[in-house]
Amino acid sequence: MAVIADHCPQIQVTVVDLNEERISAWNNEDLTKLPVYEPGLDAVVARARNRNLRFSTDVNDAISSADMIFISVNTPTKTKGLGSGQASDLRWVEACARQVAKYAKGHTIVVEKSTLPVRTAETVQAILQAAEQPPLDGIVPRSFVVLSNPEFLAEGTAIQDLEAPDRVLIGGEDTNAIESLAKIYGVWVPPEKILRTNLWSSELSKLIANAFLAQRISSINSVAALCEVTGADVREVSKAIGADSRIGTKFLNSGPGFGGSCFKKDILNLVYLSRHFGLPEVADYWQHVVTVNTWQQNRIARLVVKNLFGNITGKKIALFGFAFKANTNDTREAPAIRIANDLLEEGAQLAIYDPKVDPKQISIDLQLPASSNPEKTSIPTNTSLTGEGTWWPANSINEATKGSDAILILTEWEHFEDLNWKEIAPHMRQPAWVFDSRGVVNPSEVRSAGLRLWRVGDGAT
Ligand code: UGA
């Protein structure tokens, strides 16, 4: 919405949320305090805020005065009831539709921006249609059109993805409404990149785009395991296959498995839909993309244990990175969560360093409060051999690595690529290991510092 406001100063954009704390953070004068860390977003907000971009908790008023409303609420996986663990929970979408139905005035275009299961527009349409009012004397007229306009931006590169999208997708049946929305994007997006489809194709395309991307990651991660036992190198294989223009170079980086709020949720949703429509083979096919992802995360944790003589109780391991990818503070479904939990289960002492993630978030994700750094406590805690896994937030690379038996790289933060291994190595307990699940380190520099190295998909180590 900030990018739309930035490009279209003639359009008044109001972002509303019930959460007062969040809205006041969006209104914070200090742009470093915006609720989302996203490179370049602060500059966009600075240009548009208080001009034609407002953040408010007055939801009803914003609905009444809007010509177009984007529904952009959460659609997490259901945790109970029918479809639990797979289907999307649509309670917030439905609540939004009901609120829009109640407070909208005149003709309103309602745009589904949230990622939704196919045919959700039908539900939204049914709720809105029930509230339509013909233009009769003494009654405020009300009519609605529903469009689907899924979002394809990725975190960390959101602003550049929005400024120069591969495509904008608009699904719907009402040509006037489609063209009104296309006109907004048309201000900065070339016309050939604005695709128009029917509602259901648009909803399905969003799920399938994420499923295809996630499938590439599970594919390359399965290849990484094969490389490790055959002597091949997954980076060389990625390069060789990616050079085929039919395959392409992107999304072929092997790693600790995909994370983020969408891939797993969207695939599980697809699995649920396929089963619902009587296509069990299709459901099983996509389910396996998630199964391989979980396997990759467990595999990495097992590998750390195995290389540290099969025992990590009381051993100090430095985790480099907790966010699900670089350039974000988002930890939703981060591979670090499962891997850290597996290591804690084995009694490890984890020093977790991430330049952007708030330690409070790590406690929530691991469901374990932080301990204090044993280096800093004057009283010896003696907990290390009790078998209890503990973790504490490290403020720097040095603090994390001091006295550690191993370093495990889980997020590809840029500065992990050129760490000074000669400086780090002497502070570690020997024999010390570097486990690089993102394949970002320079192997010869790590080895020449006297450290043992495991790199994902590297058959030579
Ligand atoms: C993803 C899609 O890329 C977006 O197009 C989509 O709009 C978004 O989900 C969404 O539906 O909200 P995002 O989850 O922000 O975006 O980030 P990605 O760059 O796709 O990365 C997802 C995960 O895959 C990360 O954990 C990343 O580290 C991992 N990944 C990505 C790999 O392991 N290897 C790769 O080659 C690429």
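Conventions and cut-offs
Residues numbered from 1 in each chain as written. Predicted model: local features only at pLDDT ≥ 70, side-chain atom pairs only at ≥ 80, totals over all residues. Heavy atoms only, no water. Domains from an automatic or database assignment. Contact = heavy atoms within 4.5 Å. Buried area = accessible area lost by both parts, 1.4 Å probe. Salt bridge = Lys/Arg side-chain N within 4 Å of Asp/Glu carboxyl O. Patch = residues over 30% accessible without salt bridge, like charges linked within 9 Å, V, L, I, M, F, W, Y side chains within 5 Å. Areas by Shrake-Rupley, 256 points an atom, 1.4 Å probe, with all protein chains shown as cover. Helix = DSSP H or I, 4+ residues; strand = E, 2+ residues; numbered from the N terminus. Buried < 20%, exposed > 50% of the residue type's maximum accessible area, 1.4 Å probe, protein only. Near = heavy atom within 4 Å. Polar contact = N/O pair within 3.5 Å; in protein donor to acceptor, adjacent residues only side chain to side chain.

Novice: Tell me about the domain arrangement of the protein, and please be specific about residues and values.
Specialist: What the domain assignment reports for the protein is domain 1 (2-206) and domain 2 (294-455). Centre-to-centre, using C-alpha coordinates, domain 1 lies 39 Å away from domain 2. On the domain 2 side, the residues contacting the five residues of domain 1 number eight residues. With both chains or domains summed, domain 1 and domain 2 bury close to 590 Å², and 44% of this area falls on carbon and sulfur atoms. Area buried by domain 1 at its contact with domain 2 is led by Tyr37, Glu155 and Gly156, which between them contribute 85% of it. Between the two partners, domain 1 and domain 2, sit one salt bridge.

Novice: Can you tell me about a nonpolar patch on the surface, naming the residues and giving the values?
Specialist: On the surface, Phe277, Leu279 and Val282 cluster together to form a nonpolar patch covering roughly 270 Å² of accessible area. The topology assignment puts Phe277 in the loop between α11 (263-276) and α12 (280-307). Judged by its relative accessible area of 52%, Phe277 falls in the exposed class.

Novice: Account for the site of the ligand, with residues named and values stated.
Specialist: As a structural note, the neighbourhood of the ligand is formed by 19 residues, with Phe152, Leu153, Glu155, Lys206 and Arg438 the closest of them. A distance of 2.7 Å separates an oxygen atom of the ligand from a polar atom in the backbone of Glu155. Relative to its unbound accessible surface of 710 Å², the ligand loses 88% to contact with the protein. Ranked by residues supplied to the shell around the ligand, first place goes to helix α9 (residues 199-230) with four residues. No fewer than three residues from each of domain 1 (2-206) and domain 2 (294-455) sit in the shell around the ligand.

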